[in-house]
Amino acid sequence: MRLLHTITGLNIGGAEIMLTRFLRHLETASYASSVLSLLPFGALRSQIAKTCADVYSIEMSRKPWPSDLYQLGRVMGRIKPDVIHGWMYHGNLAATLGSLVCRALAPVIWSVHHSIADITDETPANRRLIQLSGRISSGTSAIVYCSRVAAEQHEAIGFDPRRTLVIPNGIDCNEFQIDASASARLRTELAIPTGRTIVGHVSRFHPMKDQANLVRALARLIGEGYDIQGVFVGEGHIDGTVRTLARELGIDQRITTIGPRADVSDYLAGFDLFALSSAWGESFSLATAEAMSCGVPAVVTGLGDCGQLVGKTGLVVPPRDTEALARGIASLVDLSQDERHSLGLSARRRVEQHFSIDNYVARHLELYQRVVEAQSSTARLA
């Protein structure tokens, strides 16, 4: 089966990482995958190239041009895919438009990795894209959402409910494991004193992630006498808002900022707890699930299916609420090490049982088979 994945870009992000891991776990003898990035190649291109027949980019600027549509159709016509799988809003639209331009008979699948509690949170351009997507969504064979909440929200604004399929993100539990020695290594590397509680966060800087609120919550707890260290891992933190705000709040020495890391599992396993501070848009937090797989309990904001993800193994607080986030973090800090360890073990088991990469891959392959068979049946009847 020839698969073509169209995606907005290949920089580090939740959907981009899931595509990379999905391709890594596919049986290449049975599934020949190609990837088409709309934007110029990003950091994940080299990893994806190891598992794909071809990786293309149409080098699109932020403003699309008619030549981009021509390029899109030309690549699809060359590949002649059996399934066209879009990832994220722009990649989804590209999957549909490209199939029309090259008159491909292949079924089109969309993947949505975003929640919409309030569409006014989106930029005007994103709002128009989402609304357009809703109007043409019935032309797809399936729309895969990574959370039930995201599916319900998109259906409410016009996405075809007959196409809905919920497949939560999947974690490679062999890559993200409990490591009893990780905490000592991390403390040595980052010069964090023994006994200080490490509150970790992994994500690129983005207003949607509301890392500023997390810094304010940590500052509040430090002011109350809590011995904690905030560790932020991801693009945009080293000299960005997190660093600046930490200085303004007088907690510069209690905040550690690190750039994007390929060995992020080593950092996650060294955290005492994980904090997700997103204000909007979060559908299923991949970083939270990765931390849980490493045996780290989490405090998350109640967006998308994040509450369902942590279940009874973590805490859920309202978004944009500094006091609630601080109190949630304090609740986990106040636990004994044995209590946190027990909670972390429960988090690990939850990921193994409900959110494994094996389940993620299997459900997608079942979907591919189903839509290809349905397309073949329609063609025979015609």
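Just so it is clear, the structure is predicted and the values come from calculations on it, not from any experiment.

To continue, consider the overall build of the chain. A count of helices and strands for the chain gives 15 helices and 13 strands. Here the C-alpha atoms of the chain give a radius of gyration of 21 Å, agreeing with the 21 Å that 2.2 N^0.38 yields for 382 residues. Seen along its three principal axes, the alpha-carbon backbone of the chain occupies a region of about 70 × 40 × 35 Å. Summed over all atoms, the accessible surface of the chain reaches about 16,300 Å², with 51% contributed by carbon and sulfur.

Attention now moves to the pattern of salt bridges. Following the criterion strictly, the structure yields 17 salt bridges and no others. Among the salt bridges present, the one from Arg320 reaches Asp121, with a minimum N-O distance of 3.5 Å. Placement of the pair is Arg320 in the loop between strand S13 (315–317) and helix H13 (322–333) and Asp121 in the loop between strand S5 (108–112) and helix H5 (124–136), with a sequence separation of 199 residues. Residue class for Arg320 comes out partly exposed when judged on its relative accessible area of 48%. One salt bridge connects Glu323 with Arg327, and the closest N-O pair in it is separated by 3.0 Å. Taken together, the positions of Glu323 and Arg327, both in helix H13 and 4 residues apart, correspond to about one turn of that helix. A residue is classified by how much of its surface remains accessible, and Arg327, at 30% relative accessible area, is partly exposed. Salt bridges linked by common partners bring Arg220, Glu224, Glu323 and Arg327 together as one network.

What counts as what
Residues numbered from 1 in each chain as written. Predicted model: local features only at pLDDT ≥ 70, side-chain atom pairs only at ≥ 80, totals over all residues. Heavy atoms only, no water. Helix = DSSP H or I, 4+ residues; strand = E, 2+ residues; numbered from the N terminus. Rg over C-alpha atoms; globule rule 2.2 N^0.38 Å. Areas by Shrake-Rupley, 256 points an atom, 1.4 Å probe, with all protein chains shown as cover. Salt bridge = Lys/Arg side-chain N within 4 Å of Asp/Glu carboxyl O. Buried < 20%, exposed > 50% of the residue type's maximum accessible area, 1.4 Å probe, protein only.

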